Amino acid sequence: MKTALPGALPAERQERFFPYFKRNWVLYMMVLPGLAVLIIFSYLPMSGIIMAFEKNYMPARGLMGSDWVGLEHFAKFFRSAFFERLMGNTLILGIESLIFSFSTPILFALLLNELRNVAFRRVTQTISYFPYFISTVIVIGLLKDMTSVNGGVVNLLIQKITGNTINFFSDPGWFRPLYIISGLWTGMGYNSIIYLAAISGINPEMYESALLDGANRFQQAVHITLPSISSTIVILLILAVGGIVGNDYQKILLMYSPLTYKTADVISTYVYREGILGGGYSYTTAIGLFNSLISLVLVLGTNWLARKISDTSIF
């Protein structure tokens, strides 16, 4: 009796797999470019985690060329004078963004679903998708021009009403609203696509039955549409919670300044300043790893909670 090698497919599975592979080898070849990108840009860079446990990584020495310091960089970050501010700003900005950026596409999809004029609905959808494809640099540039003290349309309106102007990008109190509003403008329409797709799969007979029972459009949306897409909402919520500490640092870098560090400085921007500009590769790798671990815990915790409450989860 032959013993199968570890990791080898059982004989019966091999008999099914290889004919299937032979018939569909073109499809498997189409997967290879995406798989190569995933390995090169997502898995191979994970070896750089080693830097978080080295004294002072230098590119010329290689990954294994520095002394080991264990968890010293993590402890240094926890003792840092910026730790409380960075964690507070990261969590507050992430939670506020999650509340608005996650709920608004759902509401927008429900409103689009209620439009009876098909042509108007398609035009509205198309227009709402456009901002997503605009570069973040251009979006922030437009936002700065619109809120400029010198001739910005927003400040011109404020000046006519109150007689004063507001320097939005120099005021820490306005950073979070501007960040969230710009995110809604660019992402609301695009993020509603998956909800519209889920809504389109709902059996129309359910609405017809509700209509015969006297349910109005609002009641149909609450008791039929939302429950029918609840599994989609839960799955996307689990994924979105993991991004609470993963703010869009590129947009923040374009928006913030030392004047707004009080509310704008987050872990990602601190890593950029200390690592890329300051050369503290080992220290910032440790911070980045800590940030990733928080995201992992949030995703696992939300997934566990969703499975307990709704029986819907990713795994």
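In the annotation of an unreviewed UniProt entry, the chain is listed under the name Sugar ABC transporter permease and assigned to Candidatus Alectryocaccomicrobium excrementavium. The Sequence similarities (unreviewed entry) field of the UniProt record for the chain holds the comment "Belongs to the binding-protein-dependent transport system permease family."

Quick look at the overall build of the chain now. A count of helical and extended segments in the chain gives 16 helices and zero strands. Along the first, second and third principal axes, the C-alpha set of the chain runs to 70 × 65 × 40 Å. Across the 315 residues of the chain, 33% fall into the buried class. Across the chain, every contact between residues at least 6 apart in sequence was considered, and the portion connecting residues at least 24 apart equals 62%. Of the roughly 19,700 Å² that the chain leaves accessible, carbon and sulfur atoms contribute 67%. Computing the positive centroid from 22 side-chain charges and the negative centroid from 17, the chain places the two 4 Å apart.

Here the UniProt feature "domain: ABC transmembrane type-1" (unreviewed entry) sits at residues 87–302. When the span residues 87–302 is considered, its composition is 77% helix and 0% strand, and the gap between its end C-alpha atoms is 20 Å.

Its identity as a non-glycine residue notwithstanding, Asp 311 has a phi of 65 degrees, on the positive side. As for its placement among the helices and strands, Asp 311 is situated in the segment after helix 16 (281–310). Classification of Asp 311 as exposed rests on a relative accessible area of 69%.

Here we take up the UniProt feature "transmembrane region" (unreviewed entry) in the chain. In the numbering used here, UniProt assigns the feature "transmembrane region" (unreviewed entry) to residues 25–53, 86–112, 132–158, 178–202, 222–245 and 283–306. With 88% helix and 0% strand, residues 178–202 has end C-alpha atoms that lie 36 Å from one another.

Turning our eyes to something else, we now look at the environment of Leu 300. Structurally, Leu 300 is set in helix 16. Judged by its relative accessible area of 39%, Leu 300 is partly exposed. Expressed as a C-alpha distance, the spacing of Leu 300 and Ile 193, which sit 107 residues apart in the sequence, is 26 Å.

Below, the discussion takes up the packing of helix 8 (residues 172–191) against helix 9 (residues 193–200). For the pair helix 8 and helix 9, interaxial distance at closest approach is 5 Å and the crossing angle is 25 degrees. By the angle between their directions, the pair helix 8 and helix 9 is classed as roughly parallel. The residues of helix 9 that touch helix 8, namely those facing Gly 189, Tyr 190 and Asn 191, are Ile 193, Ile 194 and Tyr 195. Its residues assigned to classes, the contact of helix 8 with helix 9 shows four nonpolar, two polar and no charged.

Let us now look at the packing of aromatic side chains. Per the stated rule, a full pass over the model turns up 17 aromatic pairs. Centroid distance Phe 77 to Phe 83: 5.1 Å. Interplanar angle 80 degrees. Geometry classified as edge-to-face. On the basis of relative accessible area, Phe 77 is assigned to the buried category, the value being 1%. These aromatic residues form a ring-pair network of at least three members: Phe 77, Phe 78, Phe 82, Phe 83, Tyr 270, Tyr 283 and Phe 290. Across from the ring centre of Tyr 179, 4.2 Å away, lies the NZ or CZ of Lys 251, which sits over that ring.

Turning to the side chain of Thr 90, a few remarks are in order. Here Thr 90 lies in helix 4 (residues 83–114). Since its relative accessible area comes to 1%, Thr 90 is described here as buried. A distance of 3.0 Å separates a polar side-chain atom of Thr 90 from the backbone nitrogen of Ile 267. Residues within four places of Thr 90 in sequence aside, it is in contact with Ile 244, Val 245, Asn 247, Val 266 and Ile 267.

If you walk through the whole model with that rule in mind, you get three salt bridges. Across the salt bridge formed by Arg 85 and Asp 265, the nearest N and O atoms sit 2.8 Å from each other. With Arg 85 in helix 4 and Asp 265 in the loop between helix 14 (261–264) and helix 15 (267–277), this residue pair connects regions lying 180 residues apart in the sequence. Of the charged contacts in the structure, one is a salt bridge between Glu 114 and Arg 217, with a shortest N-O distance of 2.7 Å. Here Glu 114 is found in helix 4, whereas its partner Arg 217 is found in helix 11 (residues 217–228), with 103 residues between them in sequence. Using a relative accessible area of 25% as the deciding quantity, one classes Glu 114 as partly exposed. Through salt bridges with shared partners, one network takes in Arg 85, Asp 265 and Arg 273.

Turning our eyes to something else, we now look at the packing of helix 4 against helix 9. Axis separation between helix 4 and helix 9 bottoms out at 8 Å; the angle between their running directions is 45 degrees. Compared by their axis directions, helix 4 and helix 9 come out oblique. The hand of the helix 4/helix 9 crossing is right-handed. Each of Phe 102, Pro 105, Ile 106, Ala 109, Leu 110, Leu 112 and Asn 113 in helix 4 lies in contact with helix 9, whose residues at this interface are Tyr 195, Leu 196 and Ile 199. Grouping the amino acids of the contact of helix 4 with helix 9 by side-chain chemistry returns nine nonpolar, one polar and no charged.

Scoring rules and cut-offs
- Residues numbered from 1 in each chain as written.
- Predicted model: local features only at pLDDT ≥ 70, side-chain atom pairs only at ≥ 80, totals over all residues.
- Heavy atoms only, no water.
- UniProt positions renumbered as here; feature names shortened; annotations may be inferred.
- Helix = DSSP H or I, 4+ residues; strand = E, 2+ residues; numbered from the N terminus.
- Buried < 20%, exposed > 50% of the residue type's maximum accessible area, 1.4 Å probe, protein only.
- Contact = heavy atoms within 4.5 Å.
- Areas by Shrake-Rupley, 256 points an atom, 1.4 Å probe, with all protein chains shown as cover.
- Lys, Arg positive; Asp, Glu negative; His and termini not counted.
- Charge placed at Lys NZ, Arg CZ, Asp CG, Glu CD.
- Axes fitted to C-alpha atoms, helices over the stretch in contact; angles between N-to-C directions.
- Parallel < 35°, antiparallel > 145°, perpendicular 65-115°, else oblique.
- Nonpolar A, V, L, I, M, F, W, Y, C, P; charged D, E, K, R; others polar.
- Phe/Tyr/Trp six-rings, centres within 6.5 Å; stacked < 30°, edge-to-face > 60°.
- Lys NZ or Arg CZ within 6 Å of the ring centre and 35° of its normal.
- Polar contact = N/O pair within 3.5 Å; in protein donor to acceptor, adjacent residues only side chain to side chain.
- Salt bridge = Lys/Arg side-chain N within 4 Å of Asp/Glu carboxyl O.
- Left-handed = near helix turned anticlockwise from the far one by under 90°.

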